[in-house]
Amino acid sequence: MSLEGDLAAVYSDVRFADLPPEAVHAAKVSLVDALAVMLAATGMEPAAALFADHALEAGGVAQSVMLGRGQRVPAAMAALANGALAHAIDFEDTFDATGMHPNAAIIPAVLALAEAQGATGDRVLVALAAGCDLVCRLSLALDSDPAARHWYHPPMLGAAGAAVAASCILGLSSPQIVDALSLSQNLFSLGDGLKRSPQSQLRAVRDGFAARAGVEAALLARRGMRGVAAPLTDPAGLFPVLTGKGPRREPLLDGLGRQFYGTQVTIKQWPSCRGTHPVIAAALNLRAEGVRPEQISKIRFSVSPPDDMLLQPTAQKQRPGTAIDAKFSIPFCFASALVEGDVSLESFTPEQLHNPDILNLAARVEMAGLVEKGAERYDIYIDGNTVSSALTLPPTRRAAEISEQEIQPKVAQCLAYAAVRIDAADLIAACFGLDSAAPAPLFSLLAASP
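Scope of this entry: the structure provided in the associated data block. (Residues numbered from 1 in each chain as written. Predicted model: local features only at pLDDT ≥ 70, side-chain atom pairs only at ≥ 80, totals over all residues. Heavy atoms only, no water.)

### What about the overall build of the protein chain?
Counting its regular elements, the protein chain contains 20 helices and 8 strands. On C-alpha atoms alone, the protein chain measures out to a radius of gyration of 21 Å, which is about the 22 Å that the 2.2 N^0.38 rule sets for 450 residues. Residues classed as buried in the protein chain amount to 58% of the 450 residues present. Here the protein chain displays about 16800 Å² of accessible surface, and carbon together with sulfur accounts for 50% of that area. Distance from the positive charge centre (35 side chains) to the negative charge centre (46 side chains) of the protein chain: 3 Å. (Helix = DSSP H or I, 4+ residues; strand = E, 2+ residues; numbered from the N terminus. Rg over C-alpha atoms; globule rule 2.2 N^0.38 Å. Buried < 20%, exposed > 50% of the residue type's maximum accessible area, 1.4 Å probe, protein only. Areas by Shrake-Rupley, 256 points an atom, 1.4 Å probe, with all protein chains shown as cover. Lys, Arg positive; Asp, Glu negative; His and termini not counted. Charge placed at Lys NZ, Arg CZ, Asp CG, Glu CD.)

Quick look at the structure:
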């Protein structure tokens, strides 16, 4: 059997009883975390509203709810509109080993199709666990960085995960899942030109395209549409296209069906790119030591790829024009943390993007050079003296080890920015009750209208 066939055979056979309790718990935490983040984006990211407007204008069968609107549209269009919210404020969970946001495309796809198909709560959790597991494994199997070939691969891998997760909702066979994987690649790809286009909103809304691709691919596969036989390993398949080489088989197959990588994703502390988090932690430490912005004449960061994209182009990163660009800016995030003493959703409002104290300090932040991973550092010039220190990722919490009570503050913080009123305790209860009840109460909550 092909590698794709091996993967599809396992995911098509996964049942709720097969999931380790830790994987079930992680799927619930990631779900409620993602929904809170997406709901916050309904009140914070104007670009995402374009997708909801587009879905409404397209019309069609009212199958699946759009967050923040309360209106229902066809499942694929709901996946598009809700997926555009998933990464819009860059606060969703992360697979730190490879820097992926594995659930950003999967959760919108699964929810849209689950509501349209009347799926059970435990089937929703199986689909989430399977899709997230595949995205993490695909990212570990990459032999080199697709950015070297000008691909922006995280949402492309997310589309594959969304296709498999959607296939689980539909109960597709193994050959049909392979077809869905193939078709999803025909429906979505993304080059890295967004890194060099500060006016573009693609970085914020990218996962909408991936989520819709996953839903449409699975629906077409169910109707009998055939894709290519080896969508991952064919010479024109996903891995050779991204890296010029085939996948590393060991990360894809080790523990497949027994160990689910969703247990390894972590919940974000700050609403910005994970690559900025060591910098934020460094700024907060400096502030705690009494360092003031006016003492700093210059600060230079040595980073490893791909975090150079958080420092360059220098002028763009020192004065970002949009919230999503500020979230991908080391100068802005460092300055915001040192000036304000925290980085929160409030840090990226239009007013803060023009805060002169933050921008003045950000203008003194620059890139020193590229270093090997693990050797990241900063050199800060304070009152004529140079202080150097290593950059390290602050402690993280895995979704699998966070309780309902512990996720509550972040959920409440996000819901305060939502375009609709939803109680944090109700949302958490609806997500954590999925294994013992139908998802109807969850969809009823999500159908809140402004």
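### Some details on the pattern of salt bridges
Tallied over the entire structure, the rule returns 19 salt bridges. Of the charged contacts in the structure, one is a salt bridge between Lys 410 and Asp 33, with a shortest N-O distance of 2.8 Å. Of the two residues, Lys 410 is situated in helix 18 (residues 404–415) and Asp 33 in helix 2 (residues 21–42); the sequence distance between them amounts to 377 residues. Owing to a relative accessible area of 10%, Lys 410 belongs among the buried residues under this scheme. Between Asp 379 and Arg 377 there is a salt bridge, with its nearest N and O atoms 3.3 Å apart. In this structure, a network of salt bridges that share partners links the residues Glu 22, Arg 397, Arg 398, Glu 401 and Glu 406. (Salt bridge = Lys/Arg side-chain N within 4 Å of Asp/Glu carboxyl O.)

### Details of the packing of aromatic side chains
A full pass over the atoms with the stated rule returns 6 aromatic pairs. Centre to centre, the rings of Phe 95 and Tyr 261 are 5.6 Å apart; their planes meet at 75°, and the pair counts as edge-to-face. With Phe 95 in the loop between helix 4 (75–86) and helix 5 (103–117) and Tyr 261 in the loop between helix 11 (249–253) and strand 3 (266–267), this pair connects stretches of sequence that are 166 residues apart. Note on Phe 95: relative accessible area 3%, which makes it buried. Residue Tyr 261 is classed as partly exposed on the basis of its relative accessible area of 21%. Their ring planes at 70° and their centres at 5.7 Å tell us that Phe 301 and Phe 334 sit as a pair that is edge-to-face. One end of the pair, Phe 301, is in strand 4 (residues 296–303); the other, Phe 334, is in helix 15 (residues 330–340), with 33 residues separating them in the sequence. (Phe/Tyr/Trp six-rings, centres within 6.5 Å; stacked < 30°, edge-to-face > 60°.)

### Remarks on the nonpolar core
Residues Phe 301, Phe 334, Leu 427, Leu 442 and Leu 446 are the most contacted members of the largest nonpolar core, which totals 171 residues. The element that contributes the greatest number of residues to this core is helix 2, accounting for 15 residues. The contacts of Phe 334, once residues within four sequence positions are left out, are Val 279, Ala 283, Leu 286, Ile 299, Phe 301, Leu 361 and Val 365. (Core = buried A, V, L, I, M, F, W, Y, C linked by side-chain atoms within 4.5 Å. Contact = heavy atoms within 4.5 Å.)

### Here we look at the side chain of Ser 347
Examined against the element boundaries, Ser 347 turns out to sit in the loop between helix 15 and helix 16 (350–353). Contacts of Ser 347, omitting those with residues within four sequence positions, involve Phe 332, Ser 336, Asp 342 and Gln 352.

### Regarding the side chain of Thr 263
Tracing the backbone shows Thr 263 in the loop between helix 11 and strand 3. Among the polar contacts listed, one links the side chain of Thr 263 to the side chain of Gln 264, at a separation of 3.2 Å. Apart from the residues within four sequence positions on either side, Thr 263 is in contact with Glu 22, Ala 23, Ala 26, Arg 398 and Ala 400. (Polar contact = N/O pair within 3.5 Å; in protein donor to acceptor, adjacent residues only side chain to side chain.)

### A short note on the pairing of strand 4
In this sheet, strand 6 (residues 377–382) lies alongside strand 4 in antiparallel orientation, the contact comprising 6 bridges. In the sheet register, Phe 301 faces strand 6, and the bridge partner there is Tyr 378. (Pairing = 2+ DSSP bridges.)

### Considering the sheet that holds strand 7 (residues 385–390)
Taken in spatial order, the 4 strands line up as 5-4-6-7 in an open sheet, and their pairing is mixed. Two strands close off the open sheet at either side, each with one partner strand: strand 5 (365–370) and strand 7. With strand direction ignored, the average angle separating the axes of adjacent strands in the sheet is 20°. Pairing analysis gives 5 bridges linking strand 4 to strand 5, with the strands arranged parallel. When the sheet's bridge partners are listed, Val 303 is paired in strand 5 with Leu 370. Together, strand 4 and strand 5 form the strand contacts of helix 15, whose direction differs from that of strand 4 by roughly 130°. (Axes fitted to C-alpha atoms, helices over the stretch in contact; angles between N-to-C directions.)

### Topic: unusual backbone geometry
For the bond from Pro 305 to Pro 306, the omega torsion is 5°, close enough to zero to count as cis. If you trace the backbone, Pro 306 turns up in the loop between strand 4 and helix 13 (314–318). The phi dihedral of Asp 90 is positive, around 50°, even though this residue is not glycine. With respect to the element layout, Asp 90 can be found in the loop between helix 4 and helix 5. On the basis of relative accessible area, Asp 90 is assigned to the buried category, the value being 0%. A positive phi is found at His 150, a non-glycine position, where the angle reads about 65°.

### Side note on a nonpolar patch on the surface
A surface patch of nonpolar side chains, about 240 Å² in accessible area, is lined by Leu 187, Leu 220 and Met 225. Examined against the element boundaries, Met 225 turns out to sit in the loop between helix 9 (202–223) and helix 10 (238–243). Among the residues examined, Met 225 registers a relative accessible area of 44% and is labelled partly exposed. (Patch = residues over 30% accessible without salt bridge, like charges linked within 9 Å, V, L, I, M, F, W, Y side chains within 5 Å.)

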